[in-house]
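# Structural description and commentary
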Amino acid sequence: MERLTTRITMRLMTGDERSRDLAVDWSYRATEPHAVELDFTSYQAEAVWSLSRELLLAGLHEPSGEGDVHVTPYDDTSLLIALAGREGVALLAVPAGAVARFLAATVRLVPPGQEHTRIDWDRGLEDLLAA
């Protein structure tokens, strides 16, 4: 399986002295070409967020997103990612360069517009019918 994984430090912004850095595993699988997973499970909670690769690519350059996930350039060196859940909104700052390098590697693995060639449509249909 073609998979990319890298650890990127993100800053959880709480607006007070409890803000802290989180080492988050970012993963991309060619068999799930539209999604990037952010794995926060090393922080006392089973939390894996699946974000749109297209949203992250757009968010490098302009405010993007709707619903539970928003990405926006913050300054010349950072992105802000807002994740909304039942408990509220988590605001995370992440180095834009690290995200750009990770996303560039995903683009080399599966170029935009070619995602459909990497999806196992037969297995997806089997999984849907088995549910």
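Below is a summary of the structure that appears in this document. (Residues numbered from 1 in each chain as written. Predicted model: local features only at pLDDT ≥ 70, side-chain atom pairs only at ≥ 80, totals over all residues. Heavy atoms only, no water.)

## Overview of the nonpolar core
Taken as a class, soluble globular proteins show a tendency for nonpolar side chains to be buried jointly. Within the largest apolar cluster, 28 residues are counted, with the highest numbers of intra-cluster contacts made by M10, W26 and I81. Secondary structure elements with two or more residues in this core: β1 (3–13), β2 (20–29), β3 (35–39), α1 (53–59), β6 (69–73), β7 (78–85), β8 (88–95) and α2 (96–109). For this core, the element with the most residues is α2, which contributes 6 residues. (Core = buried A, V, L, I, M, F, W, Y, C linked by side-chain atoms within 4.5 Å. Buried < 20%, exposed > 50% of the residue type's maximum accessible area, 1.4 Å probe, protein only. Helix = DSSP H or I, 4+ residues; strand = E, 2+ residues; numbered from the N terminus.)

## Details of the pairing of β7
For β7, the tally of buried residues reaches 6 of 8 residues, placing the bulk of the element in the interior. Summarising the sheet, β6 and β7 pair through 5 bridges and their orientation is antiparallel. Bridge pairing in β7 links H70 to A82. Between β6 and β7, which follow one another and run antiparallel, lie 4 residues. Taken together, the 8 bridges between β7 and β8 define a ladder with antiparallel strand orientation. The residue bridging A84 from the neighbouring strand is V89, located in β8. Connecting β7 to the next strand, β8, in antiparallel fashion are 2 residues. (Pairing = 2+ DSSP bridges.)

## Observations concerning the side chain of S27
Among the secondary structure elements, S27 is positioned in strand β2. A polar side-chain atom of S27 sits 3.3 Å from a polar atom in the side chain of R3. In terms of polar contacts, S27 uses its side chain to reach the side chain of T5, at 3.3 Å. Excluding its chain neighbours within four sequence positions, the residues that come into contact with S27 are R3, L4, T5, A35, V36, E37 and F102. (Polar contact = N/O pair within 3.5 Å; in protein donor to acceptor, adjacent residues only side chain to side chain. Contact = heavy atoms within 4.5 Å.)

## Concerning the sheet that holds strand β5 (residues 64–66)
On the basis of which strands lie adjacent, the open sheet formed by 8 strands has the order β4-β3-β2-β1-β8-β7-β6-β5 and antiparallel pairing. Taken across any chain shown, the strands that pair with only one partner, and hence form the sheet edges, are β4 (48–52) and β5. With strand direction ignored, the average angle separating the axes of adjacent strands in the sheet is 30°. The sheet contact formed by β5 and β6 spans 3 bridges and is antiparallel. Considered in β6, the bridge of E66 is made with V69. Across the sheet, α2 is in contact with β1, β2, β3, β7 and β8; its angle to β1 comes to roughly 155°. (Axes fitted to C-alpha atoms, helices over the stretch in contact; angles between N-to-C directions.)

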